[in-house]
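Read off the chains here:
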Amino acid sequence: MNFFDNIPPSTSVSPISKELYLKNDSNIAVLILHGYTGSPHDMYYIGRQIHKSGFSIYIPRLPGHGTNSNDFLNSNWRDWLRKSVDSYINLKTYHEKVYILGLSMGGVIATLLASKFHPEKIVLAAPALKAKDWRINLTPFFGLIVKKIKRKNPQTFDDEKLAYLASQYWNYDWPSKAADLYKLQKMALKNLSKVTSNTYVILSKKDEAVPFSVKEIIENNIKGKTEFLILEESGHVVVNDIEKEKVAEQTINWLKKE
C-alpha cells in the first residue's frame, strides 16, 4: 500500500487546531501538549496566559489530531511521542530552559519526556496515567478487530469548528487508538520513578475520564518535589473549563517560583 493512500486529498488542519508558537525575550520556553483526540485549541487559553506572563510557549499539533478521523486512524503512539520529542529538542535549540505542560495524554507524554530529558519543571494537568473506563485494558486485543464505534449520545456544538471536530473525533470511541494510549500509559508508569523534575499536578474531583487515584500514583513514584492543585468543579479538560482562570494563575505562579 502506498503511504499516500491513507491520506485524503482534502486533508487540512482545522482552523482551531493550528500550532501556536509565541516568543518572548525570556530564556525559558514552555512546551504545551494537548490530549488524546484533542488539539491545540484546548491549550490556547493557558498557553496565551503563560506567554503574557513572560515565557515563550509552543503548542504543537500531534499527528492525526485536528484534521480528520481517517488521519487519526493512521497515526499511532510512536507518531505522537516522536512529535513531542522533536518539539522539545527544537525548543532547547533556542531556549536555555524548557518546561513541559501536558493535558491528559499530553501529561502522560510529559512524564516520558521528563524521564529522559529531566527538565527542571513539568506540569501535569489531569494526566491520564490511568483511565476510569476499564475497557481500555482490553483495547490491545479488541482494537485489532474494531477501529471505531459510534457513541449513542453524540455531542453537539453551535460553533461549527467544534462541531466538525466532534463529528470527526469525539462522537466515536476508538478501540484501536485507545490501544495506543494504553501503550503510552504502560510506558509512563514503568518510567515514572525516573522523573526527577519538580512537578505541578492539576486534578479535578469531577474529572470524568481520569480517576483521582492518579494522585497517589504520582506521590509514590515521581522523585522530584511535587505540588497539587485540586479543583472542585472542572471536567477533564481542566485547562479550558469552568476554573481555567484559577488553573492558569496558579500554574504561572508555580512556574515563576525559584
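Residues numbered from 1 in each chain as written. Predicted model: local features only at pLDDT ≥ 70, side-chain atom pairs only at ≥ 80, totals over all residues. Heavy atoms only, no water.

Asker: Go over the layout of surface pockets, please, and point to the residues and values.
Answerer: Of the pockets and cavities examined, the largest pocket occupies roughly 1200 Å³. Forming the boundary of the largest pocket are 40 residues, of which Tyr36, Thr37, Arg151, Asp173 and Ala209 lie nearest the centre. When residues of the lining of the largest pocket are traced back to their parent elements, those giving at least two are α5 (139-142), α6 (160-170), β7 (172-173) and α7 (175-191). Broken down by element, the residue count for the lining of the largest pocket peaks at four residues, all from α7. Residues belonging to the lining of the largest pocket are distributed by class as follows: 20 nonpolar, 11 polar and nine charged. (1 Å grid on protein atoms, 1.4 Å probe; cavity = no way out; pocket = protein on both sides within 12 Å on 5 of 7 lines; lining within 4 Å. Points joined across faces, edges and corners; volume = space filled by probe spheres on them. Helix = DSSP H or I, 4+ residues; strand = E, 2+ residues; numbered from the N terminus. Nonpolar A, V, L, I, M, F, W, Y, C, P; charged D, E, K, R; others polar.)

Asker: Tell me about the environment of methionine 105, residues and numbers included.
Answerer: Along the polypeptide, methionine 105 turns up in helix α4 (residues 105-117). Residue class for methionine 105 comes out buried when judged on its relative accessible area of 0%. Between the C-alpha atoms of methionine 105 and lysine 130, which are 25 residues apart in sequence, the distance is 10.0 Å. Setting aside residues no more than four positions away along its own chain, methionine 105 makes contact with His34, Gly35, Tyr36, Leu62, His65, Trp80, Ala128, Leu181 and Leu184. (Buried < 20%, exposed > 50% of the residue type's maximum accessible area, 1.4 Å probe, protein only. Contact = heavy atoms within 4.5 Å.)

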